[in-house]
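Descriptive analysis of the structure
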Amino acid sequence: MEDFFHDSIDKLLKRNKISPSEVDVLVVNVSMLADIPSLTSRIINYYKLREDIKVYNLTGMGCINIIESIFKNEKNNVALIKLHP
């Protein structure tokens, strides 16, 4: 799984010319997996994301509605959203 998310996030950051230090918000949705350490903390540590990053760990169905409501209040921020089936 780590190879999958590293590969997809690497490609996303490169394609959009975004440095990990520019990410303001990290949203991770994992449907049925309870990893320890969490996928969120592994992403933060691997990419050395900022200490003041806002993090949202979501699980289950209907998370897109939650994400939409989060970003109504997070204007002009760079967000990394990782959805994992």
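Starting from 1, residues in each chain are numbered consecutively following that chain's sequence as written. At least 70 in pLDDT is required for a residue's local features to be given in this predicted model, at least 80 for side-chain atom pairs to be given and counted, and no such filter applies to totals for whole chains, interfaces and linings, which use all residues. Note: side-chain values were computed over all heavy atoms of the structure, leaving out hydrogens and water.

Before going further, it helps to examine the side chain of Asp24. Tracing the chain through its elements places Asp24 in the loop between α1 (2-15) and β1 (25-30). Any pair of nitrogen or oxygen atoms within 3.5 Å is treated as a polar contact; in protein, a donor-acceptor pairing is required on top of that, and neighbouring residues in sequence qualify only through side-chain atoms on both sides. Polar side-chain contacts of Asp24 include one of 2.9 Å to the side chain of Arg50. A run of H or I in DSSP becomes a helix once it reaches four residues, and a run of E becomes a strand once it reaches two; helices and strands are each numbered from the N terminus.

To get an axis, fit a line to the C-alpha atoms, keeping to the stretch in contact for a helix; angles then go from 0 to 180 degrees between the N-to-C directions. Put simply, α1 and helix α2 (residues 39-47) touch, their axes get as near as 12 Å, and they point 55° apart. It follows from the interaxial angle that α1 and α2 lie oblique. In this structure, the crossing between α1 and α2 has a hand that is right-handed. Facing Glu2, Phe5, His6, Ile9, Asp10 and Leu13 of α1, the residues of α2 in contact are Leu39, Arg42, Ile43, Tyr46 and Tyr47. Note on angle classes: values under 35 degrees are labelled roughly parallel, values over 145 roughly antiparallel, values of 65 to 115 roughly perpendicular, and the remainder oblique. Left-handed describes a crossing in which the near helix is turned anticlockwise from the far one by less than a right angle; the clockwise case is right-handed. Throughout, a residue-residue contact means that at least one pair of heavy atoms, one from each residue, lies within 4.5 Å.

Helical periodicity: at 3.6 residues per turn, an α-helix aligns residues three or four positions apart in one direction. Within the sequence span of α2, burial applies to Leu39, Thr40, Arg42, Ile43, Ile44 and Tyr47. In the stretch just after α2, Lys48 is the one whose phi turns positive, near 50°. When a residue's accessible area, from a 1.4 Å probe over protein chains only, is under 20% of the maximum for its type it is buried; when over 50% it is exposed; and in between it is partly exposed.

Moving on, we come to α1. To estimate the expected span of a helix, count its residues, drop one, and scale the result by 1.5 Å. For α1, spanning 14 residues, the distance from its first C-alpha to its last is 20 Å, which sits close to the expected 20 Å at 1.5 Å a residue. Every buried residue of α1 is listed here: Phe5, His6, Ile9 and Leu13. Seen from one end, α1 has its buried residues packed into an arc of 100°, which puts them on one side. Turned more than 90 degrees away from the buried face of α1 sit Asp3, Lys14 and Arg15, all of them exposed. Backbone geometry just downstream of α1 places Lys17 in the positive-phi region, at approximately 55°. This arc is built from the directions going out from the helix axis to the C-beta atoms.

Looking now at the confidence of the model for the protein chain. A score between 0 and 100, pLDDT records how confident the predictor is in each residue. Confidence in the prediction for the protein chain averages 80 pLDDT; 80% of positions are at 70 or higher. Within the protein chain, the lowest mean pLDDT, 67, falls on strand β3 (residues 79-84), and the highest, 90, falls on α2.

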